[in-house]
Amino acid sequence: MAGFSPAAAVREDAEEQAYRSLVSSEQISKFHRYLTAEPHPAGSARNNELAQWVAAQWREQGLEDVTIHQYDVLNSTPREVSLEMIAPKKYRAVLREAPYDLDSDTRNPNVSGAYLGYSASGEVTAPVIYAHSGNPEDYAYLRKHGVDVRGKIALVRYSNPYSYRGFKALTAQRLGVAALLIYSDPEEDGYKKGPVFPDGPWGPESHIQRGAITYDFLEPGDPLTPGWASVPGAKRIPPEQAVSLPTIIALPLSWHDAEPLLKNLDGPVAPDEWQGGLPLKYRIGGSRVRVHVKVDMNTSIEPYYVPEARIHGSESPDDWVILGNHRDAWVFGGVDPSSGTAAMLELTRDLGQLLKQGIRPKRTLVICSWDGEEYALTGSTEWGEQYADELKKKTVAYLNVDEATSGKDFQGDAVGSLAPLLVEVSRTLTAPSGRTLYEEWKSSRQNELHQAEQISDSDLPNTKIGSGSDHTVFLNFLGIPTVGLTFVGPYGVYHSMYDDFYWMNHFGDPGYRYHALMSQLWGVMALRLGDADILPFDFASYGASIRRFVMALDSANHLSAKIDLVSLQDRVSAFEAAGRELNESTSRAIASGRLAAAVAEGVNQELMQVERNWCNPDGIPGRPWWKHSLYGARYTYAHLELPGITEAAEAGDWARAAEQARFLESALAHNTDLLNHVRKELDSVADGGSR
Ligand SMILES: [Zn+2]
């Protein structure tokens, strides 16, 4: 057990076993039913009630210091939304999802219609152009074929390939598109995939993928308080100055509402790759189909609420392990995020039980229920900005769960230093199949990677971490090591009304067994980090990740032909070697039985700083909020390693690339010195030195 002496490992094992045995899928199902009973988007009365309810649960469960933080942020809800085809024939879009008798929740009158958070308000009548996925290469194709999209309405698909809808909005906005319609093609998440709701997990004809189109890849959080917390009374910038606010009108459509438009489009036939799952020839369009779109959004400052609870550490109360999940959902949030919230409430219930038996971790656990994740990662970002200095001093790691489960396949994200811990913990858990989580993970990952040869343990965790959930402020703004956990499966109802209790009980996780496994995994990760004698960071593993990042960047951009990469590669090797030596010294010091608590605490404080040191106070060029030099996110939300160097290289700006590489070299040198320094301290313990 990495970071534990043999005696401490025995105690830890007993404690984890006690914890695991408390986890009840029945309890989780009850939490889940309550959370999914009503729609609860950010800013709604129901979501605010749920904040009170979560805090009340935590008090009852025996958690400590339960408080609710308030942030006053710009919210965005629809006042009036309509879409009408006026030529060649009339069609008024429904913009609503159809109810099914099998699932009474689908008749709830509080379910919203179609809208996209932070869409601009306005009204336009214009011809429709089909622009495939709405990515830059799609518009390049149109331009090449003489199609001018300026002033037109672009109709695009959600994912072929996937890109974050906010990226599609910014792309369209920059090209002068008058309004953007994003629809769910059955090829991506509907009947072409398999049986649709309520007979199967895929999206039915009228399902609508709501979502926000915020440009939070530029700057997440409340658009009006970039970089600082929107506590009540905080200063705000005017909306016109907010870089993350779109100026384009945008609307999501079901394929039910998109089909009449697609059917009537004229112009050239779209390329083969642009053809979708509907039984029609997809055409580019010209001037035949004219549509009137009206979107009137109510943007006002609303309170968002972040409940927080703690379990004070018995020995190092000022070292924090933070756990978080968002509470707000576009509608019922069966998977996203109430599966995560239910798993979290079970985790806290069980830790509360242990507390009553006098068992508490050495370090403090901080647990948060984020708000407004769906809008702009808002609650976590504001909280992270508010407590930035304290968090940088005290935080060991952040463990995020957004969607706990939409199926059986485990996906674990971790920064390189925590990847081995995740693998180690997966060996101690039993999946519903009776196999270990480790074995299940290995077979699903093997399938996912399509590799002929047997994958190794280091291939299991995904160490390429993008954005799109609440880990972002911790990793990218604060330099805190993060882990993200989820089980996935066939899931075609994302952000629609059908992502609900019925869906979860029939398709996602009948019996709540994977929810229970998530509570166990998340809790054991927290306990392991909360109890270890020496924090179980593996910097040799981190070094290997960084080496792979540099190699991938070099092969994609022929970087070494343009800038001198030798010294960067040398620094990575030195860091990796220092990590290997530190692993050995840590084992020896722990095995010696001479590791005093005060020495361990000093060592841990230093190890916690390694992640912080990857941060460049200036941020990535052009995106100053994003401080991390190893991890960033593309505008599509996709992972982006070595963001400063990569973006410079992709822009052909070799001077900037070299400058960014120099920053990373100095961070690597600094962290190598730090690891070597820690190793010497541990060696003197192992050798029976004076300390
Ligand atoms: Zn979510």
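Residues numbered from 1 in each chain as written. Predicted model: local features only at pLDDT ≥ 70, side-chain atom pairs only at ≥ 80, totals over all residues. Heavy atoms only, no water.

Draft legend 1. Main features of the packing of helix α19 (residues 597-613) against helix α21 (residues 654-686). In the contact formed by α19 and α21, the axes pass within 10 Å of each other and the chain directions differ by 170 degrees. On the basis of their axis angle, the class for α19 and α21 is roughly antiparallel. Note on element contacts: α21 touches α19 through Phe663, Ala667, His670, Asn671, Leu674, Leu675, His677, Val678, Glu681, Leu682 and Val685, opposite Val599, Val603, Glu606, Leu607, Gln609, Val610 and Asn613. Partitioning the contact of α19 with α21 into residue classes produces 11 nonpolar, five polar and two charged. (Axes fitted to C-alpha atoms, helices over the stretch in contact; angles between N-to-C directions. Helix = DSSP H or I, 4+ residues; strand = E, 2+ residues; numbered from the N terminus. Parallel < 35°, antiparallel > 145°, perpendicular 65-115°, else oblique. Contact = heavy atoms within 4.5 Å. Nonpolar A, V, L, I, M, F, W, Y, C, P; charged D, E, K, R; others polar.)

Draft legend 2. Seen up close, the coordination of the zinc ion. Here the zinc ion is held by the protein donor atoms His326 (NE2), Asp336 (OD), Asp402 (OD) and Asp402 (OD), which lie 1.9 to 2.6 Å from it. Because the angles between the four donor atoms bound to the zinc ion fall within 53 to 148 degrees, the donor set is best described as irregular. All donor residues of the zinc ion come from one chain, and their arrangement in sequence is H-x9-D-x65-D. With a gap of 66 residues between them, Asp336 in the loop between β10 (316-326) and α8 (338-356) and Asp402 in the loop between β12 (395-400) and β13 (409-414) connect regions that are remote in the sequence. As far as the burial class goes, Asp336 and Asp402 line up, both buried. (Donors = N, O, S within 2.8 Å, 3.2 Å for Na, K, Ca; no water. Tetrahedral: all angles 85-135°; square planar, octahedral: opposite > 155°, others 65-115°. Buried < 20%, exposed > 50% of the residue type's maximum accessible area, 1.4 Å probe, protein only.)

Draft legend 3. Representation of the packing of helix α12 (residues 419-426) against helix α16 (residues 513-531) within the structure. It is at 10 Å that the axes of α12 and α16 come closest, and there the two elements cross at 120 degrees. By the angle between their axes, α12 is oblique relative to α16. Crossing angle aside, the handedness with which α12 passes α16 is right-handed. Within the contact between the two elements, α12 uses Leu421, Leu422, Glu424 and Val425 and α16 uses Leu521, Val524, Met525, Arg528 and Leu529. (Left-handed = near helix turned anticlockwise from the far one by under 90°.)

Draft legend 4. Structural detail: empty space enclosed by the protein. Across all of its chains, the model carries three cavities of 30 Å³ or more by this definition. Empty space within the largest cavity amounts to approximately 90 Å³. What lines the largest cavity is a set of 13 residues, among which His628, Ser629, Gly644, Gln660 and Phe663 lie closest to the centre. If you list the elements that add at least two residues to the lining of the largest cavity, you get α20 (643-650) and α21. For the lining of the largest cavity, the element with the highest residue contribution is α21, accounting for three residues. Here the lining of the largest cavity is built from residues that sort into six nonpolar, six polar and one charged. Quantified by volume, the second largest cavity comes out at close to 50 Å³. Contributing to the lining of the second largest cavity are Glu15, Ile311, Leu351, Leu354, Leu355, Ile359, Arg360, Pro361, Leu365 and Leu527. (1 Å grid on protein atoms, 1.4 Å probe; cavity = no way out; pocket = protein on both sides within 12 Å on 5 of 7 lines; lining within 4 Å. Points joined across faces, edges and corners; volume = space filled by probe spheres on them.)

Draft legend 5. Representation of the packing of aromatic side chains in the model. Scanning all chains against the criterion turns up 36 aromatic pairs. An aromatic cluster is present here, built from Tyr164, Tyr215, Phe217, Tyr635 and Tyr637 joined pairwise through their rings. Positioned above the aromatic ring of Tyr34, the side-chain terminus of Arg46 is 5.0 Å from the ring centre. A cation over an aromatic ring shows up here: Lys235 above the ring of Trp228, its NZ or CZ 4.5 Å from the ring centre. (Phe/Tyr/Trp six-rings, centres within 6.5 Å; stacked < 30°, edge-to-face > 60°. Lys NZ or Arg CZ within 6 Å of the ring centre and 35° of its normal.)

Draft legend 6. A look at the pattern of salt bridges. In total, this model carries 34 salt bridges according to the counting rule given. Close ionic contact of Glu80 with Lys294 constitutes a salt bridge, the shortest N to O distance being 3.1 Å. Residue Glu80 is found in strand β1 (residues 64-87), and its partner Lys294 is found in strand β9 (residues 290-311); the two are separated by 214 residues along the sequence. For Glu80, a relative accessible area of 38% corresponds to the partly exposed category. Between Glu576 and Arg580 there is a salt bridge whose closest N-O contact spans 4.0 Å. One end of the pair is Glu576 and the other is Arg580, both in helix α18 (residues 566-592) and four residues apart, which spans about a single turn. Overall, Glu576 belongs to the buried group, its relative accessible area being 10%. When salt bridges with common partners are traced through the structure, they connect Glu581, Arg588, Arg679, Asp683 and Asp687 into a single cluster. (Salt bridge = Lys/Arg side-chain N within 4 Å of Asp/Glu carboxyl O.)

Draft legend 7. Highlighting the side chain of Thr364. Tracing the backbone shows Thr364 in strand β11 (residues 363-370). Given a relative accessible area of 1%, Thr364 falls into the buried group. A distance of 2.7 Å separates a polar side-chain atom of Thr364 from the backbone oxygen of Pro317. Ignoring sequence-local partners within four residues, the contact set of Thr364 consists of Arg310, Ile311, His312, Gly313, Ser316, Pro317, Asp319, Trp320 and Val321. (Polar contact = N/O pair within 3.5 Å; in protein donor to acceptor, adjacent residues only side chain to side chain.)

Draft legend 8. Layout of unusual backbone geometry. Omega for the bond connecting Ala87 with Pro88 falls within 30 degrees of zero, at 5 degrees, which places this linkage in the cis form. Within the fold, Pro88 resides in the loop between β1 and β2 (91-92). Asp336 connects to Pro337 through a cis peptide bond whose omega is 5 degrees. Structurally, Pro337 is set in the loop between β10 and α8. Positive phi, normally seen in glycine, also occurs at His132, with a value near 55 degrees. What makes His132 buried here is its relative accessible area of 6%.

Draft legend 9. How the structure looks around the pairing of β11. A large share of β11 lies buried, amounting to eight of its eight residues. Judged from the four bridges that link them, β9 and β11 form a sheet pairing that is antiparallel. From the neighbouring strand, Ile311 faces β11, where its bridge partner is Leu365. As defined by bridge partners, β10 adjoins β11 across eight bridges and the pair is classed as parallel. Residue pairing across strands places His326 opposite Trp370, the latter belonging to β11. Taken together, β10, α8 and β11 constitute a β-α-β crossover, and its handedness is right-handed. (Pairing = 2+ DSSP bridges. Right-handed = clockwise from strand over helix to strand, strands pointing away.)

Draft legend 10. Just α19, in detail. Helix length check: α19, at 17 residues, gives a terminal C-alpha distance of 25 Å against a target of 24 Å (1.5 Å per residue), a fit within 8%. Taken as a whole, α19 has its buried residues at Val599, Ala600, Val603, Asn604, Leu607, Met608, Val610, Glu611 and Arg612. (Expected span 1.5 Å × (residues − 1).)

Draft legend 11. Looking closely at the environment of Arg283. Checked against the element boundaries, Arg283 lands in the loop between α7 (255-264) and β9. Between the C-alpha atoms of Arg283 and Ala131, which are 152 residues apart in sequence, the distance is 9.6 Å. Not counting the four nearest positions on each side in its chain, Arg283 is found in contact with Tyr130, Leu265, Asp266, Gly267, Pro268, Val269 and Ala270. At 2.8 Å, the side chain of Arg283 forms a polar contact with the backbone oxygen of Gly267.

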